[in-house]
Amino acid sequence: MEAISVEIVHPKAKKLLQNLVELDLIHIKPQASLSDILAKLRKNEAEIPSSEDITEEVETVRQARYAKKASHNN
């Protein structure tokens, strides 16, 4: 089995894909959101970081990266 990602640009393409599903030739899975991914990761963790903790860590890393980049440009 091969998995691919498809971006639908015309409504007729979606209908064609639905026809393939009805013929049991393909399966369409909805794309997981960030919330879904975090929920899956958190399911088995003893200490679960909150969204705020994650955001704070991302901002800290970004600030360090930008500071490093700025010091190299000067």
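Below or above, wherever it landed, is the structure these notes cover. Not measured: the values here are computed from a predicted model.

Rules used throughout
Each chain has its residues counted from 1, following the order in which its sequence is written. Totals for whole chains, interfaces and linings use every residue, but because this is a predicted model, local features are given only for residues with pLDDT of at least 70 and side-chain atom pairs only at 80 or more, for both listing and counting. To obtain the side-chain values, all non-hydrogen atoms of the structure were used and water was disregarded. Secondary structure elements are taken from DSSP: a helix is a run of H or I of four residues or more, a strand is a run of E of two residues or more, and numbering for both begins at the N terminus. Only C-alpha atoms enter the radius of gyration; for comparison, a globular chain is expected to reach 2.2 Å times N to the power 0.38, where N is the number of residues. Values of accessible area rely on a 1.4 Å probe in the Shrake-Rupley scheme; residue burial ignores everything except the protein chains shown. Positive charges come from Lys and Arg, negative ones from Asp and Glu, while His and the chain ends are left out of the count. Working definition for charges: the position is that of NZ of Lys, CZ of Arg, CG of Asp or CD of Glu. Patches here are clusters of residues that have more than 30% relative accessible area and form no salt bridge, with a 9 Å joining cutoff for like charges and a 5 Å cutoff for nonpolar side chains (Val, Leu, Ile, Met, Phe, Trp, Tyr). We define a salt bridge as a contact between a side-chain nitrogen of Lys or Arg and a carboxyl oxygen of Asp or Glu at a distance within 4 Å. We call a residue buried when its accessible area falls under 20% of the maximum for its residue type, exposed when it is over 50%, and partly exposed in between, using a 1.4 Å probe and counting protein chains only.

### Remarks on the overall build of the chain
Regarding its fold elements, the chain presents three helices and zero strands. The linear arrangement of helices and strands in the chain, starting from the amino end, is α-α-α. For 74 residues, the compact-globule estimate of 2.2 N^0.38 gives 11 Å, and the C-alpha radius of gyration of the chain, at 21 Å, exceeds that figure by more than 25%. Taken along its principal axes, the extent of the C-alpha atoms in the chain is 60 × 40 × 25 Å. Accessible surface, the chain: about 7500 Å² in total, of which carbon and sulfur atoms supply 55%. If the 11 positive side-chain charges of the chain are averaged to one point and the 12 negative ones to another, these points end up 7 Å apart.

### Comments concerning a negative patch on the surface
On the surface, a cluster of negative charge is contributed by Glu45, Glu47, Glu52, Asp53, Glu56 and Glu57. With respect to the secondary-structure elements, Asp53 resides in helix 3 (residues 51-73).

### Some thoughts on the pattern of salt bridges
A full pass over the atoms with the stated rule returns one salt bridge. Between Glu59 and Arg62 there is a salt bridge, with its nearest N and O atoms 3.3 Å apart. You can see Glu59 and its partner Arg62 sitting in helix 3, three residues apart, about one turn around the helix. Given the relative accessible area of 41%, Arg62 is considered partly exposed.

### Observations regarding a nonpolar patch on the surface
Together, Ile4, Val6 and Ile8 make up a nonpolar patch on the protein surface, roughly 300 Å² of accessible area in all. Structurally, Ile8 is set in the segment before helix 1 (11-22).

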